[in-house]
Amino acid sequence: MKVGDIVRGAHDNPIPSQRNSVAIVVNKEWDNRFTIMWISGQIRRRALCSGFRPEELEVISEGR
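The notes below deal with the structure included here.

Cut-offs and rules
Residues numbered from 1 in each chain as written. Predicted model: local features only at pLDDT ≥ 70, side-chain atom pairs only at ≥ 80, totals over all residues. Heavy atoms only, no water. Helix = DSSP H or I, 4+ residues; strand = E, 2+ residues; numbered from the N terminus. Buried < 20%, exposed > 50% of the residue type's maximum accessible area, 1.4 Å probe, protein only. Contact = heavy atoms within 4.5 Å. Areas by Shrake-Rupley, 256 points an atom, 1.4 Å probe, with all protein chains shown as cover. Lys, Arg positive; Asp, Glu negative; His and termini not counted. Charge placed at Lys NZ, Arg CZ, Asp CG, Glu CD. Polar contact = N/O pair within 3.5 Å; in protein donor to acceptor, adjacent residues only side chain to side chain. Salt bridge = Lys/Arg side-chain N within 4 Å of Asp/Glu carboxyl O. Phe/Tyr/Trp six-rings, centres within 6.5 Å; stacked < 30°, edge-to-face > 60°.

Looking only at helices and strands, the chain has one helix and five strands in total. Listing each helix as α and each strand as β along the chain from the N terminus yields β-α-β-β-β-β. Dimensions of the chain along its principal axes, counting C-alpha atoms only, are 25 × 20 × 20 Å. In the chain, which comprises 64 residues, the share counted as buried stands at 30%. Across the chain, the fraction of contacts at a sequence separation of at least 24, relative to all contacts at a separation of at least 6, is 35%. Of the accessible surface of the chain, which amounts to about 4100 Å², a share of 50% is contributed by carbon and sulfur atoms. Counting 10 positive and 8 negative side-chain charges, the chain places the centres of these two groups 7 Å from one another.

If you want it as structure tokens, here you go:
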């Protein structure tokens with residue numbers, strides 16, 4: 001996973017709205033967690049969300 005990838009909540013993510021929403025990775029943090037911004041789906045909040053572990057997300061489209 002890298003900055004620019006399009007992701008959603010992993011299939012085993014316990015939060016249904018994250019599994020049913022799409023986000024873009026905007027930053028890789030120092031502790032290998034990620035900052036994302038939700039861009040479509042059930043989550044309508046467009047603010048940056050930090051602290052996602054790689055296993056909480058699945059890549060659906062790789063960025064450049």
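Okay, back to it.
Topologically, lysine 2 is positioned in the segment before strand S1 (6-9). In this structure lysine 2 comes out as partly exposed when scored by relative accessible area, which is 31%. In sequence terms lysine 2 and aspartate 31 are 29 residues apart; their C-alpha atoms lie 14 Å from each other. Reaching out from lysine 2, the side chain makes a polar contact with the backbone oxygen of glycine 63 at a distance of 3.4 Å.

A few words on the pattern of salt bridges. Summed over the entire model, instances satisfying the criterion amount to six salt bridges. In this structure, the salt-bridge partner of lysine 2 is aspartate 5, at a minimum N-O distance of 3.1 Å. We note a salt bridge from glutamate 55 to arginine 53, for which the minimum N-O separation is 2.8 Å. Residues joined by salt bridges that share partners form a network here, namely Lys2, Asp5 and Glu62.

Here the structure, examined in full by the defined rule, presents one aromatic pair. Ring plane angle 80 degrees and centroid distance 6.1 Å describe the contact between tryptophan 38 and phenylalanine 52, whose orientation is recorded as edge-to-face. Here tryptophan 38 is found in strand S3 (residues 34-41), whereas its partner phenylalanine 52 is found in strand S4 (residues 48-52), with 14 residues between them in sequence. Here tryptophan 38 matches phenylalanine 52 in class, with each residue buried.

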